[in-house]
Amino acid sequence: METGTNPGAKKPVKLRGLTGLIITVIIVGIIAMGSFTQIEYGHVGLYKTFGKLNSDVLSPGIHFKIPFIQSVIQVNTQVTKAETDTTASSKDLQPVSTHVAVNYSVNKESAYNLMNNIGGSFDTIIINPAVQEIVKEVTARYQAEDLIARRDVVAGEISELLTARLAKYDLIVNEINIVDFKFSDAFNQSIEAKQVAQQQALKASNDLKRVEIEAKQKIAQAQAEAESLKLKKQEVTPELIQLKQIEVQEKALEKWDGKLPSVTGGATPFIDIQSLTNK
């Protein structure tokens, strides 16, 4: 007896083949996607093969890697800021709290040494302790008031020492800023009192200078008046006196009406008419 063919028997075979193909495509796609990596701008990359770093430094862009065997870690080489709070004592034993901001970057060519020897937490392992130690060292060289008045000099010394320290780990110090100095309340009050005293002393000095200037002005004015009077006296001569007398007599004669003044109870006053007429 002949056995009839079953048309539905081929369908499971085809479905299984199609499913296998889809799975294969997915696996190939995953492997293909895992075969490439992209290094972001401002970073460099390092191959990590079974936990071991490779010294080859990858520049920004797309790079090939072995799937499931290699991975790539990225190291930021852009300028980064690290902030640190430090408590120290000044030369005159005043407690000082300092907030420091350090702008630094990683040397691209030496990224392997940094990551292989220190790791990704180099900011907390290297930078912060170095800043705290150096700030304490520099702060102890200055009086508390000088830390305020010479902040730029203090920041320069800290930057110089920190640059030398971090260069050992291939870290570049771009800039350092002393954001804030904080002192005790007693010291702040003493500074305020000193500033008030200085302002009062300056006011007193200015008042004294003003009085001195006014006194000099009065002396100069008196000297000028005396000199003027002296010159006027030198100008008075016998001839000038005689001329003035003649002018007075002429004015009196012009005003005379020709009548003698009337005098009662006494002798008639004598007036030299001839002399007046001659003059």
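That block above? That's the structure.
Residues numbered from 1 in each chain as written. Predicted model: local features only at pLDDT ≥ 70, side-chain atom pairs only at ≥ 80, totals over all residues. Heavy atoms only, no water.

Trainee: Sorry, what's going on with the nonpolar core here?
Mentor: The nonpolar side chains of a soluble globular protein tend to be buried, and buried together. Membership of the largest hydrophobic core comes to 36 residues, with the highest contact counts inside it found for Ile 127, Val 154, Ile 158, Leu 162, Leu 166 and Leu 171. Where this core is concerned, the elements lending two or more residues are β2 (43-49), β7 (95-106), α2 (111-117), α3 (122-139), α4 (144-149), α5 (151-167) and β8 (171-182). Among the elements that take part in this core, α3 stands out by supplying eight residues, more than any other. Residues contacting Leu 166, with those up to four places away along its chain left out, are Ile 126, Ile 127, Ala 130, Leu 171 and Val 173. (Core = buried A, V, L, I, M, F, W, Y, C linked by side-chain atoms within 4.5 Å. Buried < 20%, exposed > 50% of the residue type's maximum accessible area, 1.4 Å probe, protein only. Helix = DSSP H or I, 4+ residues; strand = E, 2+ residues; numbered from the N terminus. Contact = heavy atoms within 4.5 Å.)

Trainee: What is the right way to read the sheet that holds strand β6 (residues 80-89) from this model?
Mentor: Across the sheet, three strands lie side by side as β6-β7-β8; this open sheet has antiparallel pairing. With partners counted over all chains shown, the strands left at the sheet margins are β6 and β8, one partner each. Neighbour-to-neighbour, the strand axes of this sheet turn through a mean angle of 25°, independent of strand direction. Here α3 sits on the sheet in contact with β6, β7 and β8, set at roughly 40° to β6. Across the sheet, α5 touches β7 and β8, and the angle it forms with β8 is around 145°. (Pairing = 2+ DSSP bridges. Axes fitted to C-alpha atoms, helices over the stretch in contact; angles between N-to-C directions.)

Trainee: Would you explain the pattern of salt bridges in this entry?
Mentor: Any two side chains of opposite charge can pair, given that their charged atoms come close. Across all of its chains, the model carries four salt bridges by this definition. Note that Glu 133 and Arg 165 form a salt bridge whose closest N and O atoms lie 3.3 Å from each other. Remark: Arg 165 occurs in helix α5 and Glu 133 occurs in helix α3; sequence separation between them is 32 residues. On the basis of relative accessibility, which here comes to 45%, the residue Glu 133 falls in the partly exposed class. Glu 137 serves as the salt-bridge partner of Arg 141, at 3.0 Å between the closest nitrogen and oxygen. (Salt bridge = Lys/Arg side-chain N within 4 Å of Asp/Glu carboxyl O.)

Trainee: Would you mind going over the pairing of β6 with me for this structure?
Mentor: Here β6 runs beside β7; their pairing, made up of ten bridges, is antiparallel. The partner of Ala 82 across the bridge, within β7, is Val 102. The antiparallel pairing of β6 with β7 creates a hairpin that spans five residues between the two strands, and Leu 93 there sits at a positive phi of about 65°.

Trainee: Sorry if this is basic, but what is going on with the packing of aromatic side chains here?
Mentor: The description of two aromatic rings rests on the distance between their centres and on the angle between their planes. One pass over the structure, following the stated rule, counts two aromatic pairs. Between Tyr 104 and Phe 122, the aromatic rings sit 6.2 Å apart at their centres with planes inclined by 85°, giving edge-to-face as the arrangement. Of the two residues, Tyr 104 sits in strand β7 while Phe 122 sits in helix α3, which places them 18 residues apart along the sequence. With a relative accessible area of 5%, Tyr 104 lands in the buried category. Their ring planes at 40° and their centres at 6.2 Å tell us that Phe 181 and Phe 183 sit as a pair that is tilted. On the basis of relative accessible area, Phe 183 is assigned to the buried category, the value being 13%. (Phe/Tyr/Trp six-rings, centres within 6.5 Å; stacked < 30°, edge-to-face > 60°.)

Scope: geometric values only; no functional claims are made or implied.
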